[in-house]
Structures are given as C-alpha cells and as structure tokens.
Amino acid sequence: MTVTHPPETDVLRRQDPELAGILHAERERQSTTLQLIAAENFTSPAVLAALGSPLANKYAEGYPGARHHGGCEIVDVAERLAVERAKALFGADHANVQAHSGSSAVLAAYAALLRPGDTVLALGLAHGGHLTHGSPANFSGRWFHFVGYGVDAETGLIDHAQVRTLARTHRPKAIVCGSIAYPRHIDHAFFREVADEVGAHLIADAAHPIGLVAGGAAPSPVPYADIVCATTHKVLRGPRGGMILCRAGLAERVDRAVFPFTQGGAQMHTVAAKAVALGEAATEAFAAYAHRVVANARALAAALADEGLVVTTGGTDTHLITADPAPLGVDGRDARGRLAAAGLVLDCCALPHADARGLRLGTAAVTTQGMGEGEMTLIAGLLARVLRGGTDPARARADVRELTAAFPPHPYPG
Ligand SMILES: *Cc1c(COP(=O)(O)O)cnc(C)c1O
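Quantities reported herein were computed from a predicted structural model and do not represent experimental measurements.

## Considering the domain arrangement of the chain
On domain assignment, one finds that the chain holds domain 1 (50-281) and domain 2 (284-405). The gap between the C-alpha centroids of domain 1 and domain 2 is 28 Å. The interface of domain 1 with domain 2 comprises 28 residues on the first partner and 23 residues on the second. Of all the secondary structure elements, the ones that give two or more residues to the side of domain 1 that touches domain 2 are α9 (210-214) and α11 (268-281). When residues of the side of domain 1 that touches domain 2 are assigned to their parent elements, the largest contribution, three residues, is made by α9. Along the lines of polarity and charge, the residues of the side of domain 1 that touches domain 2 split into 13 nonpolar, nine polar and six charged.

Below you can see the structure in the form of structure tokens.
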C-alpha cells in the first residue's frame, strides 16, 4: 500500500521545515502517548480538511443573508448547514454556531440574559465549576455576583437541598448547571423546577456531555434550559469551538450576544468543520461510539477502583472519571507528573472529600482510537503500577508505546 501525505503537509515541509517539524512532533506525541484528558478527542480527517480549507480566508461578520461583508454567498450556505444540522441533532429551536469557544458561548449566554452585577448560582469552582462560573480570575467573577453550590463530601453528588436553599435565599437571575469534572448525569428537571420557583433563567453548560447527548448516551438539557452552551471539540469530536442552543424566543438575543456584542467575524473554516462534525454526529456509527465511550469509562472506573484508587461517586455515567490516588501513596499533582513521564496524559482536579488534588480522566479520545474495555483494564493496571513505583518509567513508557501502536489515531503519517 502506498501512503500519500496530504499536499498541504508537503507544502509546509518544503516552505517551513522548522514548523513542519513541530507539527510532526505533536502528531508523534498524540500517536505514542495515551490521551486521557477528558476534554480531548481526535477529529476525523474530514473535519481537519474543512479547518485547513480556503474558508479560513473569508471575512463574514453577521449572519447568513445579513453580512457586513461581500462575497459571503458560499459561506452562508456552510453556516446554514451547520445551524440546520445542530437544530435537527439536538431538537433545538435555534442554534448559534459562531461562538469561538466554550467560554465564548457562556459569555454570550450571560450577555443575552444578565446585566453586570446580577446574582448567578453555579457549581463552585472547588466542586467542579468552570472558570466562567464565577472565578475571580475570569470576567464572570468580576462582572457578576456568583453564589456557589457544591457536591456532597461523602457521595460526591450535587447537593440538591443546598441548591434549593441557596436559590431561595439569593434569588439569582440565572442558575448554571454544568461542570468540568462531574461524572454523573445532571438532573435538568430538578434545576428547571428550582429556576422556575425563584424566577431564574436556567443555563446548561453542557460543554462536556453534549457529544454524549448527540449520540443518545446522555439525557438532553435542551428541553429544560433556556440556553444550552456547548463546545464542539470534546466528546462531540468536532473542531475547537463553541455552540449555543436555545428556544425560538431567545434566538435574536443570543445571536446579538455573540455578534456584535462579544465577537467580531465568524471563523468560517471552523463553522464549516462544525457542520462536518455535526453531520458525523447524526450517524448510527457516532451513536455507537458515544455508547462505547460510556462503557469504556465504566470499565476504566471499575478497574481503577480494583487497583485501589477512590473513584468519586463510585463510578460514572459519562466519559469522565475523577479519582483520588492517595491510597497508592501519591497525591494528584505528583501522580499527573509521574504518569506524564510514562506517557499517560491526564489532568488534576478538585476532590469533594479532601483538600488534596485528584485525577481526572476521560475515554473520548482512546475510544475514537478503537480501544475497548480490555484496553481500559490494561490502562488502569499500568497507571496503578506507575503510581505504586512498581515499574520503572522507561518500561511503562514502552508499554504505552506498544498499546498505542495497535490503535493509531491518525490515518496517515505526517
Ligand atoms: C470546556 C468547558 C468550557 C470552556 O471551553 P473552552 O472552549 O475551553 O473555552 C466551559 N464550560 C465547561 C463546563 C467546560 O467543560
């Protein structure tokens, strides 16, 4: 079999070998280490083709049929396609696919519904809230008054009684449900009920699980939330970017909150790549993928627990696992460093039951590579051996190379 490089790679190699070398090194890193970062995935070659297309050259401020630039007749079709695919896939009245990132989507949701100084109830940062849920280092914490709810220290589950009490006490203008680290399904009906009781808007920040929702492997926030914020690059497996879904009555406010309020020209190559990814996500194959992601996460969680780690909430409903490695004699921060040296790439996270840091893992990327439950058990065993110091790092790195060589994430060498 002859393997051909995409012509773009050859052009770059000739013109700028220094940069081409960097791209090659990153491709090698992705191919020979285990990507267990819960927010990462491998996009298809079709998504990458759209990202590397001449649509990257086009300025397109505004929306299809109402642009501030000429020559938008073709990219308008691409954006309409992305919007129609998003609406059909998620059963939403309206979709905005221009948000540059998950954070930009949340910023636009706040801009559509809130005024500076308004009170917002969201999961506290120490309990799995995102930066945009009130961090003092983020616009959200500076421009709004955030009140944080939490998870139960014992069970790791959202403390619903506390959510209700805080909502009644603080009468927030909006309630945010969604997390960077919560491994269980969120009870959207509960949050809707509390929001209605206190007259608040409900914003679902579904950046993580939206891909599972697309594949029918997680419950949809769309019927419950006023606005759903999402990313397109996590389990959804599209280009790096954001997306907003909402009811028809909020469509105009949401669109204006994205452009012109918080963004300029849309990135039409990314919008086109979102359309490609949304097309992929509507297939039977993607639904099967989403269910395999969850099955793999459950297998990995069970295997980690067998190895002695404390798995938060005792397991997972999603692609995401958080665990405390303390019983193996190491805290999350040290564990992350040791595992990275062995080629297991993952994140630290807060833990509900301790001040120490835990580990956050996800199965979206390894599942795209084709790994299954057997590989999840192998990975858990490898991880535990590294943390216990029962294997030398070079040996563990060689084991990871061998495993990943059998599941290449990129279709052709670069
Ligand atoms: C990933 C994530 C975001 C932000 O996405 P970016 O594209 O990195 O800006 C926002 N909210 C939640 C809950 C997330 O998990």
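## Notes on the sheet that holds strand β12 (residues 320-324)
Here four strands make up an open sheet; going across it, the order is β11-β12-β15-β14 and the pairing antiparallel. Of all the strands in the sheet, the pair left with one neighbour each is β11 (310-311) and β14 (347-349). Where β14 and strand β15 (residues 358-362) come together, three bridges link them in antiparallel fashion. By the bridge assignment, Asp347 is partnered in β15 with Arg360. Of the strands in this sheet, β11, β12 and β15 are in contact with helix α12 (residues 284-306), which crosses β12 at around 10°.

## Topic: the site of the ligand
Around the ligand, the surrounding shell holds 14 residues, and the nearest of these are Ser101, Gly102, Ser103, His130 and Ala207. At three residues, helix α5 (residues 102-113) tops the list of elements feeding residues into the shell around the ligand. Of the residues contributing to the shell around the ligand, the split by class is four nonpolar, nine polar and one charged.

## Points about unusual backbone geometry
Between Phe259 and Pro260 the backbone carries a cis peptide bond, its omega angle lying at 15°. Assignment of secondary structure puts Pro260 in helix α10 (residues 251-262). Positive phi is not limited to glycine here, since Arg171 has a value of about 45°. Relative to the elements of secondary structure, Arg171 occurs in the loop between α7 (160-170) and β7 (174-177). Even without being a glycine, Arg237 presents a positive backbone phi close to 70°. Along the polypeptide, Arg237 turns up in the loop between β9 (227-231) and β10 (242-246). Given 26 C-beta atoms within 10 Å, Arg237 falls into the buried group.

## Structural notes on the sheet that holds strand β6 (residues 145-149)
Spatially, seven strands are ordered β4-β10-β9-β8-β7-β5-β6 in an open sheet, and the strand pairing comes out mixed. The sheet is open, and its two edges are formed by β4 (94-96) and β6, each paired on a single side. Averaged over all pairs of adjacent strands, the angle between strand axes in this sheet comes to 20°, irrespective of strand direction. Here three bridges tie β4 to β10, and the two strands are oriented antiparallel to one another. Opposite Ala95, over in β10, you have Leu245 as the bridge partner. Docked against the sheet, α10 engages β4, β9 and β10, running at close to 0° with respect to β4.

## With respect to α11
An α-helix turns once every 3.6 residues. As a result, residues three or four positions apart point the same way. Taking 1.5 Å per residue as the helical rise, α11 with its 14 residues ought to reach 20 Å, and the 20 Å between its terminal C-alpha atoms agrees with that figure. Counting buried residues in α11 gives 13 out of 14 residues, a clear majority hidden from the surface.

## Side note on the UniProt feature "modified residue: N6-(pyridoxal phosphate)lysine" (unreviewed entry) in the chain
In this numbering, the UniProt entry assigns the feature "modified residue: N6-(pyridoxal phosphate)lysine" (unreviewed entry) to Lys234. On the secondary structure map, Lys234 appears in the loop between β9 and β10. Look at Lys234 and you get buried, because 27 C-beta atoms sit within 10 Å.

## Concerning the pairing of β7
Alternating residues of β7 divide into Ala174 and Val176 and Ile175 and Cys177, and every residue in both groups is buried. In this structure, strand β5 (residues 119-123) lies alongside β7, joined through two bridges in parallel fashion. Across the sheet, Leu121 pairs through a bridge with Ile175, a residue of β7. When β7 meets strand β8 (residues 201-205), the two strands line up parallel, connected through four bridges. Bridging from a neighbouring strand, Ala174 pairs with His201 of β8. A crossover connection joins β7 to the parallel β8 through helix α8 (residues 188-198); in handedness this β-α-β unit is right-handed.

## Considerations on the nonpolar core
Of all hydrophobic cores here, the largest spans 131 residues; its most connected members are Ala86, Ala109, Ile175, Ile227, Val228, Cys229 and Ile244. Counting residues per element, this core draws most heavily on α12, at ten residues. Counting residues domain by domain, this core receives three or more from each of domain 1 (50-281) and domain 2 (284-405). Ignoring any residue separated from it by four or fewer positions in sequence, one finds Ile227 in contact with Ala109, Ala112, Leu113, Ile203, Ile244, Cys246, Leu250 and Val254.

## Some thoughts on the UniProt feature "binding site: (6S)-5,6,7,8-tetrahydrofolate" (unreviewed entry) in the chain
Under the UniProt annotation, "binding site: (6S)-5,6,7,8-tetrahydrofolate" (unreviewed entry) lies at Leu125, Gly129, His130 and Leu131. Looking at where Gly129 falls in the secondary structure, it is placed in the loop between β5 and α6 (139-143). Assessed through the 26 C-beta atoms surrounding it within 10 Å, Gly129 is described here as buried. Not counting residues up to four positions away in its chain, the partners in contact with Gly129 are Ala122, Leu123, Gly124, Gly134, Gly148 and Ser179. Relative to the helices and strands, His130 is located in the loop between β5 and α6. Residue His130 is classed as buried on the basis of its C-beta count, with 24 C-beta atoms lying within 10 Å. The residues touching His130, leaving out its near neighbours within four places in the chain, are Ile180 and Asp205.

Criteria and thresholds
Residues numbered from 1 in each chain as written. Predicted model: local features only at pLDDT ≥ 70, side-chain atom pairs only at ≥ 80, totals over all residues. Domains from an automatic or database assignment. Contact = placed C-beta atoms within 7 Å. Helix = DSSP H or I, 4+ residues; strand = E, 2+ residues; numbered from the N terminus. Nonpolar A, V, L, I, M, F, W, Y, C, P; charged D, E, K, R; others polar. Pairing = 2+ DSSP bridges. Axes fitted to C-alpha atoms, helices over the stretch in contact; angles between N-to-C directions. Near = placed C-beta within 6 Å. Buried ≥ 20, exposed ≤ 12 C-beta atoms within 10 Å, placed from the backbone. Expected span 1.5 Å × (residues − 1). UniProt positions renumbered as here; feature names shortened; annotations may be inferred. Right-handed = clockwise from strand over helix to strand, strands pointing away. Core = buried A, V, L, I, M, F, W, Y, C linked by C-beta atoms within 7 Å.

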